[in-house]
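Spelled out from the first residue to the last, the chains are:
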Amino acid sequence: MAQLPKFLIADDPVTDPENEYIFHTEKPRFFAKRVEEDEETAYIDIVFELDNVEEFYKDAPEKKLELLEQLEDWYYSYMEWLEDDGEEDEDDE
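Now for a description of the structure that goes with this document. (Residues numbered from 1 in each chain as written. Predicted model: local features only at pLDDT ≥ 70, side-chain atom pairs only at ≥ 80, totals over all residues. Heavy atoms only, no water.)

Quick word on the sheet that holds strand β2 (residues 16-24)
Note the cut-off: What makes two strands pair is DSSP finding at least two bridges between them. A run of DSSP states H or I qualifies as a helix once it reaches four residues; a run of E qualifies as a strand once it reaches two. Both are numbered from the N-terminal end. Between N-to-C directions, angles cover 0 to 180 degrees, with each direction set by a line fitted to C-alpha atoms, over the stretch in contact for helices.
Spatially, four strands are ordered β1-β2-β3-β4 in an open sheet, and the strand pairing comes out antiparallel. Across the chains shown, the open sheet's two edge strands, defined by having one partner strand only, are β1 (7-12) and β4 (42-49). Adjacent strand axes in the sheet meet at a mean angle of 35° when their direction is disregarded. Across seven bridges, strand β3 (residues 30-36) lies against β4 in antiparallel orientation. Following the sheet pairing, Ala32 is matched in β4 by Ile46.

Next comes the structure, spelled out in C-alpha cells:
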C-alpha cells in the first residue's frame, strides 16, 4: 500500500463550503484549518483531533509548535500553487 502524504486538503463544498481543512495523516492525526480573526489576523489551528495531540507531545511541546509551523508552510505553499496554476490556465486561453 502506498504511503499517504503527510498533509492533505479536505473540503466539503455541499455542507461546509466556507471552510477548507488540512488533514495531518500521521500520528497524531488531526484536522486543522485557517482561522481568520479579522482582515489582518489569520493562523492555522487544530479544529478536530483523531488522536490526543497534547498527550502525544506532552514531553516535547516544542515539537507540536514545529509541526504546526510545517503545516502552515505547507498550506501557504499549496495556496501559492493554486494561484500559479490559475495563472497558467488563463495563459492557455
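With respect to the environment of Asp11
Selection rule: Working rule for contacts: check all heavy atoms of both residues, and any pair within 4.5 Å makes them a contact.
For Asp11, the position within the fold is in strand β1. Linking Asp11 and Ile22, residues eleven residues apart in sequence, is a C-alpha distance of 8.6 Å. Those residues in contact with Asp11 that sit more than four places away from it in its chain are Asn19 and Glu20.

Brief notes about the pattern of salt bridges
Charged atoms that come close allow side chains of opposite charge to pair. For clarity, the cut-off: Salt bridges are identified by distance alone: a Lys or Arg side-chain nitrogen within 4 Å of an Asp or Glu carboxyl oxygen. The cut-offs for exposure are 20% and 50% of the maximum accessible area for each residue type, with area from a 1.4 Å probe on protein chains only; residues under the lower value are buried, those over the upper are exposed, and the others partly exposed.
Enumeration according to the criterion identifies four salt bridges in this entry. Notably, a salt bridge pairs Arg29 with Asp51, separated by 2.9 Å at the nearest N-O pair. Linking Arg29 in the loop between β2 and β3 with Asp51 in the loop between β4 and α1 (53-56), this pair joins segments that are 22 residues apart in sequence. Under the relative-accessibility criterion, Asp51 is labelled buried at 14%. Between Glu36 and Arg34 there is a salt bridge whose closest N-O contact spans 2.5 Å. Here the salt bridges do not stand alone but share partners, grouping Lys27, Arg29 and Asp51 into one network.

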